[in-house]
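Now for the letters of each chain:
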Amino acid sequence: MSEIEERTIATLRPGEPVDGVYACSRKERQLARSGSAYLTLELRDRSGSVTARVFRDADRLGALFEQGDLVHVRGRAERFRDQLQVEVRTLERVQVPDAELARFLPASRRDLDELDGFLEHLAEE
């Protein structure tokens, strides 16, 4: 089996496979018009966020994780109503070392030392 390079959300393109670990910042169980359950998720990493949907085995997969967990997602990036989204095929909760948790937090475009100095200045006032 060939390995797929883990991609950041910002580099996902429609029609391409998705195989990576992301933070689940939103999880909602919804019902389709047909009455079948599906999940709507928001997946996040330091580069941004993307909506994801789980159509098959939604209740079984949804029981494996909670909002706020890190999840290993396999699926495909697709365009739906002019928005990029991930159609999830498999998903599982994962643990990562504490040193790697920063991968899932939004990153600042500004220098952190500059922001730290600004915060100290504000705190002194």
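Our structure's up above, just so we're on the same page.
Below is a summary of the structure that appears in this document.

### Quick word on the side chain of Asp-69
Its place among the elements puts Asp-69 in the loop between α1 (58–62) and β4 (70–80). Judged by relative accessible area, Asp-69 falls into the buried class, the value being 14%. For Asp-69, the side chain forms a polar contact with the side chain of Arg-93, separated by 3.0 Å. Ignoring any residue separated from it by four or fewer positions in sequence, one finds Asp-69 in contact with Tyr-22, Ala-23, Cys-24 and Arg-93.

### A short note on the packing of aromatic side chains
Applying the stated criterion across every chain, the model contains 1 aromatic pair. Taking 5.6 Å as the distance between ring centres and 35° as the angle between the ring planes, the aromatic pair formed by Tyr-38 and Phe-55 counts as tilted. One end of the pair, Tyr-38, is in strand β2 (residues 37–45); the other, Phe-55, is in the loop between β3 (48–54) and α1, and 17 residues separate them in sequence. The exposure class of Tyr-38 is buried, given its relative accessible area of 17%. Lying across the ring of Phe-65, Lys-27 places its NZ or CZ 4.4 Å from the centre.

### Some details on the pattern of salt bridges
For the coordinates displayed, the defined rule picks out 6 salt bridges. With a shortest N-O distance of 3.1 Å, Glu-28 and Arg-26 are connected by a salt bridge. The class of Glu-28 is partly exposed, set by a relative accessible area of 32%. Arg-26 gets classed as partly exposed once you look at its relative accessible area, which sits at 26%. Two residues, Glu-42 and Arg-44, come together in a salt bridge whose shortest N-O distance is 3.0 Å. Exposure remark for Arg-44: the relative accessible area of 23% places this residue in the partly exposed category.

The rules we used
Per chain, residue numbering runs from 1 following the sequence as it is written. With pLDDT at 70 or above as the cut-off, local features in this predicted model cover only qualifying residues; side-chain atom pairs require 80 or more to be listed or tallied, and sums for whole chains, interfaces and linings still use all residues. In computing side-chain properties, one takes all heavy atoms of the structure into account and sets aside hydrogens as well as water. Per the convention used, a helix needs a DSSP run of H or I reaching at least four residues, while a strand needs a run of E reaching at least two, with both numbered from the N terminus. Residue burial is assigned from relative accessible area. The probe radius is 1.4 Å, only protein chains are included, and a residue is buried under 20% of its type maximum, exposed over 50%, and partly exposed in between. Whenever a nitrogen or oxygen atom comes within 3.5 Å of another N or O atom, the pair is scored as a polar contact, on the condition that within protein one atom can donate a hydrogen and the other can accept it, and that pairs from neighbouring residues in sequence are kept only if both atoms are in side chains. Every residue pair with non-hydrogen atoms within 4.5 Å of one another is taken to be in contact. Pairing of aromatic rings covers Phe, Tyr and the six-membered ring of Trp, with a centre-to-centre limit of 6.5 Å; geometry is then stacked below 30 degrees between planes, edge-to-face above 60, and tilted otherwise. As a reminder, the over-ring test applies to NZ of lysine and CZ of arginine, requiring each to be within 6 Å of the ring centre and within 35 degrees of the ring normal. What counts as a salt bridge is simple: a side-chain nitrogen of Lys or Arg found within 4 Å of a carboxyl oxygen of Asp or Glu.

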